[in-house]
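Chain by chain, the residues:
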Amino acid sequence: MNILIVDDNTTNLKLLRAQLEVEDHVIIDAINGNEALALLDRTHVDAIISDILMPGMDGYRLCYEVRKRERFGDLPFIIYTATYTSPSDEELALDVGADKYLRKPAAAEAIVTALHEVCNLPPRRHRAPGAMLPEAELMKAYSERLVNKLEEKNTELSAAVERLQASEERLQTIVQTEPECVMILSPTGRLLEINPAGLAMLDAETLDQVCRQPLLDLVVAEYRGAFSRLHQQVMRGEGGTLEFEIMGLKETRRWLETRAAPLRDKQGTIISFLSVTRDITERRQVETALRESEAKFRQLSESLPQLIWTCGADGQCDYLSPQWMDYTGIAEQEQLGQRWLEQIHPDDRDRTITAWNAALASEGALGLELRIRRTDGVYRWFRTLAVPLRDDHGRVVKWFGTNTDIEEQRQAEEERRVLETQRRQGQKMEALGTLAGGIAHDFNNILGAIIGNTELARQDVGSDHPALESLTEIRKASHRAQDLVQRILAFGRQQQQPRNVIPLCPVVEEAVALLRATLPAGVELVTALNADTPMVRADSTQIHQVLMNLCTNAWHAMGGDQGRIDICLDGITVDAEAPGTGVNLQPGRFARLTVGDTGSGMDAATLERIFDPFFTTKPVDQGTGLGLSVVHGIVEAHGGSVTVKSERGIGTTFSLYFPKEEAPPPSPTPEAADAAPLPAVDGQHVLYLDDDTSLVFLMTRLLERPGFRVSGYTRAEEALAALRADPGQFDLVVTDMNMPRFSGLDVARAVLSLRPDLPVVLVSGNITEELRAAAALIGVHHLIYKPNTTDEMVAVVRRLAGPPKNAVEGIANERHGNDWSTDGARELKEMKNRGALTIAQDRDSAVVHGMPGEAIGLGGATLVLPPESIAAVLNQISDAEKRGRL
């Protein structure tokens, strides 16, 4: 916390700083009240610890000034003094607004304990502006402390003459620095001494100007009798107080409040009249203005839009503005007393009374929000603000309050809260997508190794081996796990997935399998799935989400770990209205998904709101109220409808209707003869990069089996170093996407900067549209979803790695007279005629480019050959044409 310490003694400051910095508090110091107030205006402070006796502005005045400022009304304030230590001094400290009073010196534990106490006070426990004693009474008490001090000094004079001079000097210092008027009068009423503040009150500059006549001559005539009586009373030794009006030498009229006491000699004889007087002109003017304003109050209250009221300290209402009566439709007399509470919403009445009593106990203002009934019985929200009027003893005698209609503001705040909840929900889903992507990378590596090794094992054992069936089941289970990862990714991304015509049975079965692992063992999950249920056009991920939401709600409705959930799937034909549903549907055939539970059920009022966004009957922090609204939105987006039946104590059943969709015709299967043949495999060199050692080992075995040469790497730096050493040795690069330091896209950029013609394949367990676009922009030839690497890898590598090495060698050897196949020449000619063959040549080599996607001849590859080989190729084509072989 930031703690402001105010003390003119540097030793005290250092001691307090050492005691408080042990608890990691930040200490800010000031040497008097004026400096402290300046610091408060520009520095955040959490608590104040102040001495009383200081130059400029003492601790009493500082506390008073702090409490006068509204924004510091609750700022914890501790008085810590070695000078003002009497019970009355402590009482004055609390009256001016201090929260705690400590006497110096105090132990560190006591200071820390006091600090914690005042900082942990409940709201509005501190003295707010206007909650302390009125300034007049406060300063009267302040002056009384001073008078008591002076009387102590007077007693000391009679007890020790040798200390008289020192005492007089101290007294003179106090008098001269006292901001209020201090006067000493002779028994006849003439001024003997007066401090500078007193001279200013009398419009005088020197004592000589006012000592030539009795002070009584300056008192306004109508108060001279009272002043004379006070003078006589003091001279009898009784002391007293008086408020009176005086006319200064410049004919300035002022109201003064004086507290007088006798001064005695050492024998106890009264020798003079001492008074401490303060100017209360401003206070009297305020009181006068207040009385005048009361006459205008009703006129003003009738012109304001707020509902105006006044009450006594006991809550008995004595005034209600016409707006209040117009709003409630009830006459003022029928609402006075405490009967106005009847117009407050029943749920807000106890809260209103509690706030009222708390404001009285803390001597603070009243502020709360509540609902008030309108003439038509509708309740609207109002903000109630009330300030107290106190008597001279600080007691509340009346409350002035306003009620401002904030219904629209509350609605706007509710809308903002809903939007904020939606934003947080979106952030959760975004975080889920990020988490799913991270999980998918590692999990897909594991699945890839399982699927790949299973496939190799299936090839090794042969069709008649007993283990083949087990290996086949492992492969099936791995592919199911692969599909599950894809669904998790799709759900986490919350992106619109394509809707396809699908049967609902497999989707429900998959969701049920996940639910069985999620729900408590005591919750029985019973399914009845009709295989003849019509197919529907749907997003399987969203249907999965709907079922998970409904079953989770069903489980929560059971209130424990015991119960039953029934999931049924069947078809239903609707003519005009679904039987027993009460919801109109377009006539036709529908798939019906029903989820029923044995939970607590719902009443009619709850049923009407269950699909409202953010409506929930669950405790705070145990539900967002989004589950059923999401279900309703998904079903309607699919062109369906939702119905619900519920009974308290029995359970709830949700029925979801999805319109039937005809199954699409099967996709035509191309004839084997029309399928473009893949290039043969004859030692093409593949660079394979993955940070997972097991996958590198697996893919090396997988690709070497049909005849590829494979160089496997687990670090991108090593792979790129090998490529830089001999760029021409590789026919294809296959790289994983997610790797330390380098992503697959980074590797692809580096590879294609070295050899733009070298095909690159990217493997990832989370292929998004953004990844596809980035890969295409770089020039990546193909993306493979991990763990599909086993199924796709060999075919993709055969297609992209180019023609077998023996075909290249046949072209290169043509210049040596070796015969080259007619088919090969025909393929090259066809490619040339279609513009699918380009040749580039320089001093040392020539490049034959096959256009991407070509499956004949060069297979879409690019060959780098010696110049003489290019001539041999062209000559071979020409010779073949001349001999009529093409």
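Coordinates for the structure precede this section.
Bear in mind that the values here come from a model prediction, so they are computed numbers and not experimental data. (Residues numbered from 1 in each chain as written. Predicted model: local features only at pLDDT ≥ 70, side-chain atom pairs only at ≥ 80, totals over all residues. Heavy atoms only, no water.)

**What to know about a nonpolar patch on the surface**
Condition: To count toward a patch, a residue needs a relative accessible area above 30% and no salt bridge. Like charges then connect within 9 Å, nonpolar side chains (Val, Leu, Ile, Met, Phe, Trp, Tyr) within 5 Å. Here the open area of atoms and residues is found with the Shrake-Rupley method and a 1.4 Å probe, where only the protein chains shown may cover a residue. When a carboxyl oxygen of Asp or Glu is within 4 Å of a side-chain nitrogen of Lys or Arg, the pair counts as a salt bridge. Going along the chain from the N terminus, every DSSP run of H or I of four or more residues is numbered as a helix, and every run of E of two or more is numbered as a strand.
Together, Phe443, Ile446, Ile450 and Ile474 make up an exposed nonpolar region whose accessible area comes to about 320 Å². A total of three residues in the nonpolar patch trace back to one element, the largest contributor, which is helix H13 (residues 407-461). Of note, Ile446 is situated in helix H13.

**Notes on the packing of aromatic side chains**
What counts here: Each Phe, Tyr or Trp ring, with Trp reduced to its six-membered ring, pairs with another whose centre is within 6.5 Å; inter-plane angles below 30 degrees give stacked pairs, above 60 give edge-to-face pairs, and intermediate values give tilted ones. Burial classification: accessible surface area is computed with a 1.4 Å probe over protein chains only, and a residue below 20% of its type maximum counts as buried, one above 50% as exposed, and the rest as partly exposed. The rule for a charge over a ring is simple: NZ of Lys or CZ of Arg within 6 Å of the ring centre, and within 35 degrees of the ring normal.
A full pass over the atoms with the stated rule returns six aromatic pairs. Aromatic pair Trp356 and Trp399: ring centres 5.5 Å apart, planes at 50°, arrangement tilted. Here Trp399 lies in strand S15 (residues 396-405) and Trp356 lies in helix H12 (residues 346-362), a separation of 43 residues in the sequence. Accessibility assignment for this pair places Trp356 and Trp399 in one class, buried. A cation over an aromatic ring shows up here: Lys104 above the ring of Tyr80, its NZ or CZ 5.5 Å from the ring centre.

**Some remarks on helix H1 (residues 10-21)**
Note the following rule: A helix is expected to span 1.5 Å multiplied by its residue count minus one. The arc in question is the one spanned by the directions pointing from the helix axis to the C-beta atoms. The contact criterion used is simple: two residues touch if any of their non-hydrogen atoms lie within 4.5 Å. Think of a polar contact as two N or O atoms within 3.5 Å of one another; within protein, one of them needs to be a possible hydrogen donor and the other a possible acceptor, and neighboring residues in sequence only count if both atoms come from side chains.
With twelve residues, H1 should cover 16 Å at 1.5 Å per step; its first-to-last C-alpha distance of 16 Å lies within 8% of that length. Every buried residue of H1 is accounted for by Leu13, Leu16, Gln19 and Leu20. Taken down its axis, H1 places every buried residue within 135° of arc, on the same side. Set apart from the buried face of H1 by more than 90 degrees, the exposed residues are Thr10, Thr11 and Lys14. Along its buried surface, H1 packs onto strand S1 (2-6), strand S2 (26-30), strand S3 (47-50), strand S4 (77-81) and helix H5 (108-119). Among the residues of H1, the N-terminal cap falls to Asn9, whose side-chain oxygen and the backbone nitrogen of Thr11 are separated by 2.8 Å.

**Digging into helix H3 (residues 59-68)**
H3 sits mainly inside the fold: nine of its ten residues count as buried. Listed in full, the buried residues belonging to H3 are Gly59, Tyr60, Arg61, Leu62, Cys63, Tyr64, Glu65, Val66 and Arg67. For H3, the side-chain oxygen to backbone nitrogen distance between the N-cap and Tyr60 is 3.3 Å, and the N-cap itself is Asp58.

**Quick word on the sheet that holds strand S9 (residues 253-264)**
Selection criterion: Two strands are said to pair when DSSP picks up at least two bridges between them. Note on method: axes are straight lines fitted to C-alpha atoms, helices fitted across the in-contact stretch only, with angles between N-to-C directions ranging 0 to 180 degrees.
Strand order in the open sheet made by the five strands is S7-S6-S10-S9-S8, with antiparallel pairing throughout. The open sheet has two edge strands, strand S7 (191-194) and strand S8 (240-247), and neither has a second partner. Adjacent strand axes in the sheet meet at a mean angle of 30° when their direction is disregarded.

**Describing the packing of helix H15 (residues 504-518) against helix H16 (residues 540-557)**
For clarity, the threshold we go by: An angle counts as roughly parallel when it lies under 35 degrees, as roughly antiparallel when it exceeds 145, as roughly perpendicular when it falls between 65 and 115, and as oblique in every other case. What makes a crossing left-handed is the near helix being turned counterclockwise from the far one by less than a right angle; a clockwise turn instead makes it right-handed. Side-chain classes are defined by residue name, with Ala, Val, Leu, Ile, Met, Phe, Trp, Tyr, Cys and Pro counting as nonpolar, Asp, Glu, Lys and Arg as charged, and the others, Gly among them, as polar.
Interaxial distance between H15 and H16 falls to 9 Å at its minimum, and their mutual angle equals 45°. Put simply, H15 runs oblique to H16. As for the relative orientation of H15 and H16, their crossing is right-handed in sense. When H15 is examined against H16, the residues Leu504, Val507, Val508, Glu510, Ala511, Leu514 and Leu515 are found in contact with a partner set consisting of Ser540, Ile543, His544, Leu547, Met548 and Cys551. Residues that form the contact of H15 with H16 fall into these classes: ten nonpolar, two polar and one charged.

**With respect to the pairing of strand S10 (residues 270-279)**
Taken across its ten residues, S10 has eight buried, putting it largely inside the fold. Relative to S10, strand S6 (residues 181-185) runs antiparallel, the two being bridged by five bridges. Bridge assignment links Met183 to a residue of S10, and that residue is Ser275. With nine bridges joining them, S9 and S10 adopt antiparallel strand pairing. Residue Thr258 lies in a different strand from S10, and its bridge partner there is Thr277. With antiparallel pairing between neighbouring strands as the criterion, S9 and S10 make up a hairpin whose turn holds five residues, including Gly268 at a positive phi of roughly 95°.

**With respect to the nonpolar core**
Let me state the cut-off plainly: Buried residues of nine kinds, namely Ala, Val, Leu, Ile, Met, Phe, Trp, Tyr and Cys, make up a nonpolar core once their side-chain atoms join them within 4.5 Å.
If you look at the biggest cluster of nonpolar residues, it comprises 37 residues, and the most contacted ones within it are Leu547, Leu550, Ile565, Ile567 and Leu656. Taken together, the elements giving at least two residues each to this core come down to H15, strand S17 (523-529), strand S18 (536-538), H16, strand S19 (563-574), strand S20 (588-597), helix H18 (627-637) and strand S22 (651-659). For Leu656, the residues in contact, after removing those within four places along its chain, are Val546, Leu550, Ala591, Arg592, Leu593, Val635, Ser641 and Val642. Grouped together as the second largest cluster of nonpolar side chains are 28 residues, Ala30, Ile52, Val66 and Tyr84 included.

**Topic: the sheet that holds S17**
Read from one edge of the open sheet, five strands run S17-S19-S20-S22-S21, paired in mixed fashion. The sheet terminates laterally at S17 and strand S21 (641-647), the two strands that pair on one side only. In this sheet, neighbouring strand axes are inclined to one another by 15° on average, regardless of whether the strands run parallel or antiparallel. Two elements, S20 and S22, share eight bridges in a ladder whose sense is antiparallel. Opposite Leu593, over in S22, you have Leu656 as the bridge partner. Each of S17, S19, S20 and S22 is contacted by H15, which is oriented at about 170° to S17, the strand it contacts most.

**Some remarks on the packing of helix H21 (residues 744-754) against helix H22 (residues 769-778)**
Across the interface, H21 lies against H22 with an axial gap of 10 Å and an inter-helix angle of 10°. When the axis of H21 is compared with that of H22, the two are roughly parallel. Counted together, Leu745, Ala748, Arg749 and Leu752 of H21 and Leu771, Ala774, Ala775 and Ile778 of H22 form the full contact between these two elements. For the contact of H21 with H22, the class distribution of residues is seven nonpolar, no polar and one charged.

**Some details on the environment of Thr173**
Structurally, Thr173 is set in helix H7 (residues 164-177). The sequence separation of Thr173 and Asn195 amounts to 22 residues, and the corresponding C-alpha distance is 9.8 Å.

**Here's the deal with the pattern of salt bridges**
Across all of its chains, the model carries 38 salt bridges by this definition. For Glu414, the salt bridge goes to Arg417, with nearest N and O atoms at 2.5 Å. Of this pair, Glu414 and Arg417 both sit in helix H13, three residues apart, which is roughly one turn of that helix. Residue Arg537 pairs with Glu661 through a salt bridge whose shortest N-O separation is 3.5 Å. Remark: Glu661 occurs in the loop between S22 and strand S23 (685-689) and Arg537 occurs in strand S18; sequence separation between them is 124 residues.

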